[in-house]
Structures are given as structure tokens and as C-alpha cells.
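Survey of secondary and tertiary structure
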Amino acid sequence: MNLQTNSVRAIKPILTIIACFFVINSTAQKTIDTIATKAGGYDIPIKIQLPKKSIEKSPIFFFVHGGGWNGGTQNEVPPATISGDANFLVNELGIIYVGLAYRCKGNNATFADAINDLESSVKWFLDNADRFNADTSRIGFGGASAGSTLSAVMAQKYPNCMVYIGSEGMYNLVDHDEKESPFPSAEARKIYGLDTTEKSKMASAFYNLKENPPASLLLHGKEDRLCHYTQSIKFAEKIKEAGGKAKVVLYDDINHTCLSAAYPDVFKKSVLEIATLFISEFKIKNKNIETIQIALDKQLENQYPTKDITESKIIGSWKFNNEDLVFKPNGKGEQKNNNNVKEFNYTIENDSIKIITENQKERLFFLRKNNSSMFELITDNKENKYRRLNYIKQ
């Protein structure tokens, strides 16, 4: 307790300065990165995205990142992040998004440690709610992938939690078939302190629903090869049995990605579903979902694949992680990975680019309308099938 209080005192002057600046410059990007608390010798960061204009107090949406509980070093925990829908809904709906960080496996931590970190960060924010013009009577939680497991548990701890949003989630670690859902593996459970049925049950929102569970929206791809989509279906059924409201939105040919603009159709539907839930459950007045849809269409327009592909548009170098693809004239190219260089041939076929490597393997690419990025659609890898790997023009 003293440690958390000292943390608040230490950053109070900084927040005061930032708040004053926001009042003066209302067009500034209102994103704050700071430290909420300390735990186990680590700073626990928090990311806060505020509406540019907020007259009434704003609802709060706490987001817990995924990543398989991986990451973290001897010196720091993985950073707090905020889901991509925030860029559309913070200002459109006047909602405060709060990204929560937590100790992971690389910090020699456990699931219980992560919950403690999240609880401390939430307490810090709620204690400082007046600084952010936040309405503590209207809160929600959400998370993606491994963050869904943590955030779903967190959502059951707060009587004033009205909303829960889970993306490609894992909500029941007890009745868990590792063949269908490789996450979390037996090894991950052991490392992260979930090596018994009792501990796994405590980490499963499925078995820990509060009275009157929050209205829940569960997004999931039918081709999810990491967390099987039946996790969302069964969790929704459990919520309804407990007297709560739950909606599951499933996507065909989508593998573990429901909130990325790299999949514009899926992203758009997901954001509109989230907006509809916020408006209904947070009782947000005078907001038209059509306005949000128009904004989404405008922002996502260049993310769609183009049907107008020419050789001149793709000539040059395109990079993803450590791989560079160099397209040359006359259907020739080079694949560079560190110091390894291999030649390939390519053809432009209707709306796609087909690369044929030296070992006759075919790879399929699509150029986006912005002409500055293209994605490879994985079609033959069981674990990554239907994933899109984004290459950026250099």
C-alpha cells in the first residue's frame, strides 16, 4: 500500500502539468504514458488515452494486452498498450481508454502476480479519476488473446464493471484441449503458476462470474489456431446462464486477429460492434453509429487490396521483420534474409502477386490501395493459415 501511495505522490506534479497543457491546447493528442505503481522491484506502466473534448465525465475502458504472457526482462515489464479501436472511439464516444501492463514470464512472475499488478494499476487510476474527468461508476474491461484471460477475471472483480470485450479469448483453463487450443501449453502453465487444476480454475472467468456479469462482446476467428473459437461460445453461454448478456461475433477465414486494421472488413465490424455495446451499456447519448461507420470507411479505405496492380507499383524493396523482398523488372526478384540471398520469379495475376521460389514454393501477395504496403496471405501453414504478413515498401 505504501509503495503505491508513494508512486502516486511521485508522479502527481507531472500529471498536473499535463492536465493543464491539455486544457490550453485542446487539439493536442491526449495520450499519457506514466508509471502507475511498483511491484517486485519493477515499474508497472500505464497508458491513458483521453478524449480531446470532454464536458461530462467519461466512461473508462481498461485494456489488457496479449502476447502469451511472454516478454519482460530483469529490468522491465512489457509496455502497456491500447487496442486499435481506441483511435476511433476515444473521441467519437468520449471514452477513456487505459492500457494496463503486468509482469510476465520473463519477469519470473505468475498469473497471480499479474492480477495483483492489474488491480494496483486500476486502483491508482480510480484514485486519480478526477484528474482525468473519469466516471468511476461506468467502467469496462477488455483484452486480446492472453490478455483476455486476465481481463475477463478482472471484469468480475468490480461491481461497477458494465462491459466486457474479449478478442480471440481463452476463458476456461480447466476444460481445455491443448490440441484445439495450444495456448496456454503445459509448459506455459508451469512457468506462470497455473500448474494445478485449482490454480487454473481461479484463473478462469468461466468459473468466477460475478453476480450480474457485465454485458459481454466476444470476438473470434473461426480459424483461430491458438485459442479455439468454442471458448467464446461456451463463455457466452455461461454468462447467459448467470443472467448476463453476451454476444459472440465469429469471422470466417480469420486466425487469431479480430482488431487489426490489416484486416479492414473484420476490423470495421469489430469496432462497430464495440461502439454499439458502449453506447448501449454506458448510456452514451446523442451518438450515431453511422457517423462512426463513415469515419471508419474513410480511415480504412487504403487498407483494402487493390485490383490495379502493375509492375511499376511493386518494383523495389519491401520489408517484413528480417526479410526483404526485392522486385525487379521482367518478373525477377530476390529474397534477402540477413546475409542469405535467394532468387525468385513472380507473376501478376488479376488482383494478386504470385512468387515462385527456387524450391518451387508458391507465395501469394496482395498490394493495398495505399501502394506502400502489401501482405502475404498464408495458405499452407497449419499454425499461421489465413494470417496476413505486412510488407512495407522501403
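So, here's what we can say about the structure. Not measured: the values here are computed from a predicted model.

Procedures and definitions
- Residues numbered from 1 in each chain as written.
- Predicted model: local features only at pLDDT ≥ 70, side-chain atom pairs only at ≥ 80, totals over all residues.
- Heavy atoms only, no water.
- Helix = DSSP H or I, 4+ residues; strand = E, 2+ residues; numbered from the N terminus.
- Rg over C-alpha atoms; globule rule 2.2 N^0.38 Å.
- Buried < 20%, exposed > 50% of the residue type's maximum accessible area, 1.4 Å probe, protein only.
- Contact = heavy atoms within 4.5 Å.
- Salt bridge = Lys/Arg side-chain N within 4 Å of Asp/Glu carboxyl O.
- Pairing = 2+ DSSP bridges.
- Axes fitted to C-alpha atoms, helices over the stretch in contact; angles between N-to-C directions.
- 1 Å grid on protein atoms, 1.4 Å probe; cavity = no way out; pocket = protein on both sides within 12 Å on 5 of 7 lines; lining within 4 Å.
- Points joined across faces, edges and corners; volume = space filled by probe spheres on them.
- Nonpolar A, V, L, I, M, F, W, Y, C, P; charged D, E, K, R; others polar.
- Phe/Tyr/Trp six-rings, centres within 6.5 Å; stacked < 30°, edge-to-face > 60°.
- Expected span 1.5 Å × (residues − 1).
- Arc of directions from axis to C-beta.
- Polar contact = N/O pair within 3.5 Å; in protein donor to acceptor, adjacent residues only side chain to side chain.

1. Considering the overall build of the protein
Helix and strand counts for the protein stand at ten helices and 16 strands. Relative to a compact globule of 394 residues, whose C-alpha radius of gyration would be 21 Å, the protein shows 22 Å and is just as compact. Taken across its 394 residues, the protein has 49% of its residues classed as buried. Here the contacts in the protein between residues at least 6 apart in sequence split such that 63% fall between residues at least 24 apart.

2. A closer look at the pattern of salt bridges
Where charged atoms from two side chains of opposite charge approach closely, those side chains can pair. This structure, assessed with the given rule, holds 21 salt bridges. For Asp252, the salt bridge goes to Lys222, with nearest N and O atoms at 3.1 Å. Placement of Asp252 in the loop between β8 (246-251) and α8 (264-281) and of Lys222 in the loop between β7 (215-221) and α7 (230-241) is noted, with a sequence separation of 30 residues between them. What makes Lys222 partly exposed here is its relative accessible area of 38%.

3. Thoughts on the sheet that holds strand β14 (residues 362-367)
Strand order around the closed barrel formed by eight strands is β9-β10-β11-β12-β13-β14-β15-β16, with antiparallel pairing between neighbours. For this sheet, the mean angle separating the axes of adjacent strands, direction not counted, is 30°. Pairing of β14 with strand β15 (residues 373-377) involves four bridges; the strand directions are antiparallel. In the sheet register, Phe365 faces β15, and the bridge partner there is Glu376.

4. Comments concerning empty space enclosed by the protein
Overall, the coordinates contain one cavity of 30 Å³ or more when judged by the stated rule. Quantified by volume, the largest cavity comes out at close to 40 Å³. Every element with two or more residues in the lining of the largest cavity is listed here: β3 (58-64), β5 (134-144) and β6 (161-167). With three residues, β6 is the single largest residue contributor to the lining of the largest cavity. Tallied by class, residues from the lining of the largest cavity come to five nonpolar, five polar and one charged.

5. Describing the packing of aromatic side chains
Inspection of the entire model under this criterion finds 22 aromatic pairs. Residues Trp69 and Tyr192 carry aromatic rings whose centres are separated by 4.9 Å and whose planes lie at 20° to one another, so their mutual orientation is stacked. Here Trp69, found in the loop between β3 and α2 (86-93), pairs with Tyr192, found in the loop between α5 (186-191) and α6 (197-202); they are 123 residues apart in sequence, far enough to count as distant. Classification of Trp69 as buried rests on a relative accessible area of 0%. With centroids separated by 6.3 Å and ring planes inclined at 85°, the aromatic side chains of Tyr164 and Tyr171 adopt a geometry described as edge-to-face. Side by side, Tyr164 and Tyr171 carry an identical accessibility label, which is buried.

6. What to know about the layout of surface pockets
Put simply, the largest pocket is a space of about 490 Å³. For the lining of the largest pocket, the elements supplying multiple residues, two or more each, are β11 (332-337), β12 (340-349), β13 (352-357), β14 and β15. Residue contributions to the lining of the largest pocket peak at four residues, all from β12. Within the lining of the largest pocket, the residues separate by chemical class into six nonpolar, eight polar and nine charged. Approximately 400 Å³ is the volume found for the second largest pocket. Lining the second largest pocket are 20 residues, and of these Glu56, Leu93, Gly94, Ile284 and Lys287 sit closest to its centre.

7. Some thoughts on α7
With twelve residues, α7 ought to run about 16 Å at 1.5 Å a step, and its terminal C-alpha atoms sit 16 Å apart, in line with that. Taken together, the buried positions of α7 are occupied by Gln231, Ser232, Phe235, Ala236 and Ile239. Burial along α7 is one-sided: seen end-on, the buried residues are contained in an arc of 130°. The exposed residues of α7 that point more than 90 degrees off its buried face are Lys234 and Glu241. Its buried side turned inward, α7 meets α4 (146-155), β7 and β8. Gly243 lies just past α7 and shows a positive phi near 95°.

8. Quick look at the pairing of β7
Counting buried residues in β7 gives seven out of seven residues, a clear majority hidden from the surface. Residues Ala215, Leu217, Leu219 and Gly221 point to one face of β7 and Ser216, Leu218 and His220 to the other, with burial holding for every one of them. The pairing of β6 with β7 spans five bridges and is classified as parallel. Bridging from a neighbouring strand, Tyr164 pairs with Ser216 of β7.

9. Overview of the environment of Arg388
For Arg388, the position within the fold is in strand β16 (residues 388-393). Spatially, the C-alpha atom of Arg388 lies 24 Å from that of Gln293, the residues being 95 residues apart in sequence. Aside from chain neighbours lying at most four places away, what touches Arg388 is Ala262, Tyr263, Pro264, Phe375, Glu376 and Leu377. Polar side-chain contacts of Arg388 include one of 3.2 Å to the backbone oxygen of Ala262.

Without other data, these values stay purely geometric and don't point to any function.
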